[in-house]
Amino acid sequence: QVQLVESGGGLVQPGGSLRLSCAASGIMFSLATMAWYRQAPGKQRELAAIITSSGVTDYLVSVKGRFTISRDNAKNTVYLQMNSLKPEDTAVYYCNAATDYNYWGQGTQVTVSS
C-alpha cells in the first residue's frame, strides 16, 4: 500500500541540471526520513542525499555543493535538485522513506553524457 513514485530522470549533458521528484503515499510522510540513493551499473547502491523530518540534510561528499535535497510535507514529496552534473552521476536514482521500515521507489534513470 505504500507507494514511492519517482519522476524527473532523463538524459542530460555534462554540466546540466535535473530535478527529481518522489511522491509518497501510504506513510506518515512528515515523520519520515527521506533519502535519495543511486546505483550505477556494476556498482553498489549508495546514499546520495538525506533529509530528516526536522529538515537536517547530509550528502555524499562527491555530490555536496551540487545536489540539494528538499521536502514539501504539504505535497508528500521530496526533491533532489542536481546541478553541474557529471558522467559519474549516471545511475538509477531511488527514493527511500525510513520510518520503522525502509520503503523504496522503483527508480528513475539519470544519464549524463554528451
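This text follows the structure it describes.
A. Local environment of unusual backbone geometry. Phi is positive for Asn 76, which is not a glycine, with a value near 50 degrees. One non-glycine residue, Ser 84, lies in the positive phi region at around 50 degrees. Of note, Ser 84 is situated in the loop between strand E8 (77–82) and strand E9 (91–98).

B. Up close: the environment of Ala 74. Here Ala 74 shows up in the loop between strand E7 (67–72) and E8. Measuring from C-alpha to C-alpha, the distance between Ala 74 and Leu 18 comes to 22 Å, with 56 residues separating the pair along the chain.

C. Local environment of the side chain of Thr 77. By the element assignment, Thr 77 lies in strand E8. Relative accessible area serves as the criterion here: at 9%, Thr 77 is assigned to the buried category. From its side chain, Thr 77 meets the backbone oxygen of Lys 75 in a polar contact 2.8 Å long.

D. Representation of the packing of aromatic side chains in the model. Overall, the coordinates contain two aromatic pairs when judged by the stated rule. Cation over ring: Arg 45 sits above Tyr 94, and NZ or CZ is 3.8 Å from the ring centre. Of note, Arg 71 hangs over the ring of Phe 29, and the distance from its end group to the ring centre comes to 4.7 Å.

E. Seen up close, the sheet that holds strand E1 (residues 3–7). Judged by pairing direction, the sheet is antiparallel, and its four strands sit side by side in the order E1-E3-E8-E7 without closing on themselves. Where the open sheet ends on each side, the last strands, each with one partner, are E1 and E7. Averaged over all neighbouring strand pairs, the angle between strand axes comes to 15 degrees, with direction disregarded. The pairing of E7 with E8 spans six bridges and is classified as antiparallel. Bridge assignment links Thr 68 to a residue of E8, and that residue is Gln 81.

F. Inspection of the nonpolar core at higher detail. Counting residues in each nonpolar core, the largest one holds 27 residues, and the members touching the most others are Met 34, Trp 36, Val 78, Leu 80, Met 82 and Tyr 93. Within the residue set of this core, elements represented by two or more residues are strand E3 (18–25), strand E4 (33–39), strand E5 (46–51), E7, E8, E9 and strand E11 (108–112). Those residues in contact with Met 82 that lie beyond four places of it in its chain are Gly 16, Ser 17, Leu 18, Leu 20, Arg 66, Phe 67, Tyr 93 and Val 110.

G. Local environment of the side chain of Asp 89. Checked against the element boundaries, Asp 89 lands in the loop between E8 and E9. Setting aside residues up to four positions removed in sequence, Asp 89 forms contacts with Arg 38, Val 63, Arg 66, Phe 67, Ser 84, Val 110 and Val 112.

H. Up close: the pairing of E5. Across five bridges, E4 lies against E5 in antiparallel orientation. Within E5, the residue paired with Arg 38 across the bridge is Glu 46. Where E4 hands over to E5, the hairpin turn is made up of six residues, of which Gly 42 adopts a positive phi near 75 degrees. Looking at chain direction, E5 and strand E6 (residues 57–59) are connected through three bridges and run antiparallel. Bridge pairing in E6 places Ala 49 opposite Tyr 59. Hairpin geometry of E5 and E6 is characterised by an intervening segment of five residues between the two adjacent antiparallel strands and by a positive phi of about 95 degrees at Gly 55.

Conventions used here
- Residues numbered from 1 in each chain as written.
- Predicted model: local features only at pLDDT ≥ 70, side-chain atom pairs only at ≥ 80, totals over all residues.
- Heavy atoms only, no water.
- Helix = DSSP H or I, 4+ residues; strand = E, 2+ residues; numbered from the N terminus.
- Buried < 20%, exposed > 50% of the residue type's maximum accessible area, 1.4 Å probe, protein only.
- Polar contact = N/O pair within 3.5 Å; in protein donor to acceptor, adjacent residues only side chain to side chain.
- Phe/Tyr/Trp six-rings, centres within 6.5 Å; stacked < 30°, edge-to-face > 60°.
- Lys NZ or Arg CZ within 6 Å of the ring centre and 35° of its normal.
- Pairing = 2+ DSSP bridges.
- Axes fitted to C-alpha atoms, helices over the stretch in contact; angles between N-to-C directions.
- Core = buried A, V, L, I, M, F, W, Y, C linked by side-chain atoms within 4.5 Å.
- Contact = heavy atoms within 4.5 Å.

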